[in-house]
Amino acid sequence: MATLNFRPKTTLEQWRILQAVVDYGGYARAAEALNKSQSSMNHAVAKLQQSLGVKLLKVVGRKAELTTTGEVMLRRSRQLTVLVTELEQLALNLKQGWEPEIKLAIEMVFDRKQLLPVLREFQLHSRGSRLIIEDAVLTGSVEAIVEQTADIVITHQLPRGVVGEPLTNYQMQLVVAASHPLAQLPQPVSPDQLSQYLQIVIRDTARKPVEAEGWLKAEQRWTVNNFTEALHLVEAGIGFCWLPPFVTGATNNLAELTLAGSSRREGGMYLVLPKDEKTGPCARLLYDMLVSELTNTSA
């Protein structure tokens, strides 16, 4: 490949010296800040300009100022030095066992808005680690815990023998469009009445799903991947669905049904470290931040 044979004409040190000359307003102050001789600074910039074949600096009075070309090159050089610094920091992080990537699996019934303050703060301390956020539905969150396919899991089900940090409760409402025939019936509706209409369900994300939750006795059933798709179908009057208030609260054309014997579904949410003592320092940091923020909020 041509890129393998490419040999840079300039060095990173030359670009850092140029940046210092501009930032400190001249060769003398830059040399003092970098603990170098002024002659070596002049030589480095002169060599840089010679190698590139363009003028980067011009002397105006006693000050060195950027040329128009120099302004463009300086901006790009700052990106270069930042990237190199991040690369070196990444190597140090990996040497210290800091994970380059962590995965957070979140049960879809959990309101993600609660996470935003934590994630904003975590981004400042993540040392460049990539965060993957995955949806988990029903037994999908249990599978993520049991098979340890995620570093952190927010779930509404705890597998046997697993402990979790209690968070806020979740709630699900049984809703249809206000124009739907079910909305016109006297409440509460019976399971037999409900079974005559189409139910919208969210796909279980587990590889081997277990239908152990929710009312799933409808003869007609459509399956979608997320609450947004389900809400669109419900709003169109196509079927009924169990949806959380943070999804239904944005629309006014829905009717909440009362099912005989079960007006709403609700339960607790838990924060789990599936890998326990094998959890890496980056995942542990995020977990501790989530515990601090979310458990305080739920208190």
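Heads up: these notes are all about the structure in this document. Predicted model, so just to flag it, every value in this text is computed and none were measured.

**A short note on the overall build of the protein**
Here's step 1: Within the protein, the regular secondary structure consists of eleven helices and eleven strands.
Here's step 2: Over its C-alpha atoms the protein spans a radius of gyration of 29 Å, topping by over 25% the 19 Å that the globule rule assigns to 299 residues.
Here's step 3: Based on the C-alpha atoms only, the size of the protein along its principal axes is roughly 90 × 45 × 45 Å.
Here's step 4: Out of the 299 residues in the protein, the part that is buried amounts to 41%.
Here's step 5: A sequence separation of at least 24 residues applies to 68% of the contacts in the protein between residues at least 6 apart.
Here's step 6: Element-wise, carbon and sulfur atoms account for 51% of the exposed surface of the protein, whose accessible area totals about 17,100 Å².
Here's step 7: If you average the places of the 31 positive and of the 31 negative side-chain charges in the protein, the two averages end up 13 Å apart.

**Considering helix 9 (residues 227-235)**
Here's step 1: Among all positions in helix 9, only Phe227, Ala230, Leu231, Leu233 and Val234 are buried. For helix 9, the arc enclosing every buried residue in end-on projection is 165°, short of the 170-degree limit, so these residues lie on one face.
Here's step 2: Buried residues along helix 9 sit in contact with strand 6 (165-177), strand 7 (199-202), strand 8 (221-224), strand 9 (240-243), helix 10 (245-248) and strand 10 (254-256).
Here's step 3: The backbone nitrogen of threonine 228 has a side-chain oxygen 3.1 Å away, supplied by the residue at the start of helix 9, namely asparagine 226.

**Some points on the side chain of glutamate 143**
Here's step 1: With respect to the secondary-structure elements, glutamate 143 resides in helix 6 (residues 139-146).
Here's step 2: Each residue touching glutamate 143, except ones within four places of it in the same chain, is listed here: Gln148, Thr149, Thr205, Ala206, Arg207 and Lys208.

**Quick notes on the packing of aromatic side chains**
Here's step 1: Applying the stated rule across the entire model yields zero aromatic pairs.
Here's step 2: The positively charged end of arginine 265 is found above the aromatic ring belonging to tryptophan 242, 5.3 Å away from the centroid.

**As for the packing of helix 2 (residues 27-34) against helix 3 (residues 38-52)**
Here's step 1: Put simply, helix 2 and helix 3 touch, their axes get as near as 9 Å, and they point 110° apart. Of the possible angle classes, the one that applies to helix 2 and helix 3 is roughly perpendicular. Across the interface between the two elements, Tyr27, Ala28, Ala30, Ala31 and Leu34 from helix 2 touch Gln38, Met41, Asn42 and Val45 from helix 3.

**Things to note about a nonpolar patch on the surface**
Here's step 1: A cluster of nonpolar residues, Leu87, Leu90 and Leu94, forms a patch on the protein surface that exposes about 270 Å² of accessible area.
Here's step 2: Note on placement: leucine 87 falls in helix 4 (residues 68-95).
Here's step 3: Since its relative accessible area comes to 58%, leucine 87 is described here as exposed.

**Brief notes about the pairing of strand 2 (residues 63-66)**
Here's step 1: A one-sided burial pattern is seen for strand 2, the buried positions being Ala64 and Leu66 and the unburied ones Lys63 and Glu65.
Here's step 2: The pairing of strand 1 (residues 57-60) with strand 2 spans four bridges and is classified as antiparallel. Across the sheet, valine 60 pairs through a bridge with lysine 63, a residue of strand 2.
Here's step 3: Taking the residues between adjacent antiparallel strands as the criterion, strand 1 and strand 2 are bridged by two residues, where glycine 61 takes a positive phi near 65°.

**Digging into the packing of helix 1 (residues 12-23) against helix 4**
Here's step 1: Two numbers describe how helix 1 lies on helix 4: the axes approach to 10 Å, and their chain directions differ by 120°. Between helix 1 and helix 4, the angle falls in the class oblique. For the crossing formed where helix 1 meets helix 4, the hand is left-handed. For the pair helix 1 and helix 4, contact is made by Leu12, Trp15, Arg16, Leu18, Gln19, Val22 and Asp23 and by Met73, Leu74, Ser77, Arg78, Leu80, Thr81, Val84 and Thr85, respectively.
Here's step 2: Per-class residue counts for the contact of helix 1 with helix 4 are eight nonpolar, four polar and three charged.

**A word on the pattern of salt bridges**
Here's step 1: By the definition in use, this model includes eight salt bridges.
Here's step 2: The residue arginine 207 makes a salt bridge to glutamate 143 at a minimum N-O spacing of 3.9 Å. Taken together, the residues arginine 207 in the loop between strand 7 and strand 8 and glutamate 143 in helix 6 connect sequence positions 64 residues apart.
Here's step 3: On the basis of relative accessible area, arginine 207 is assigned to the exposed category, the value being 58%.
Here's step 4: Given a relative accessible area of 16%, glutamate 143 falls into the buried group.

**Here's the deal with helix 4**
Here's step 1: For helix 4, spanning 28 residues, the distance from its first C-alpha to its last is 42 Å, which sits close to the expected 40 Å at 1.5 Å a residue.
Here's step 2: Of the residues making up helix 4, those classed as buried are Gly70, Leu74, Ser77, Thr81 and Asn93.
Here's step 3: Next to the buried residues of helix 4 lie helix 1 and strand 2.
Here's step 4: One or two positions beyond helix 4, positive phi appears at glycine 97, with a value near 85°.

Rules used throughout
Residues numbered from 1 in each chain as written. Predicted model: local features only at pLDDT ≥ 70, side-chain atom pairs only at ≥ 80, totals over all residues. Heavy atoms only, no water. Helix = DSSP H or I, 4+ residues; strand = E, 2+ residues; numbered from the N terminus. Rg over C-alpha atoms; globule rule 2.2 N^0.38 Å. Buried < 20%, exposed > 50% of the residue type's maximum accessible area, 1.4 Å probe, protein only. Contact = heavy atoms within 4.5 Å. Areas by Shrake-Rupley, 256 points an atom, 1.4 Å probe, with all protein chains shown as cover. Lys, Arg positive; Asp, Glu negative; His and termini not counted. Charge placed at Lys NZ, Arg CZ, Asp CG, Glu CD. Arc of directions from axis to C-beta. Polar contact = N/O pair within 3.5 Å; in protein donor to acceptor, adjacent residues only side chain to side chain. Phe/Tyr/Trp six-rings, centres within 6.5 Å; stacked < 30°, edge-to-face > 60°. Lys NZ or Arg CZ within 6 Å of the ring centre and 35° of its normal. Axes fitted to C-alpha atoms, helices over the stretch in contact; angles between N-to-C directions. Parallel < 35°, antiparallel > 145°, perpendicular 65-115°, else oblique. Patch = residues over 30% accessible without salt bridge, like charges linked within 9 Å, V, L, I, M, F, W, Y side chains within 5 Å. Salt bridge = Lys/Arg side-chain N within 4 Å of Asp/Glu carboxyl O. Pairing = 2+ DSSP bridges. Left-handed = near helix turned anticlockwise from the far one by under 90°. Nonpolar A, V, L, I, M, F, W, Y, C, P; charged D, E, K, R; others polar. Expected span 1.5 Å × (residues − 1).

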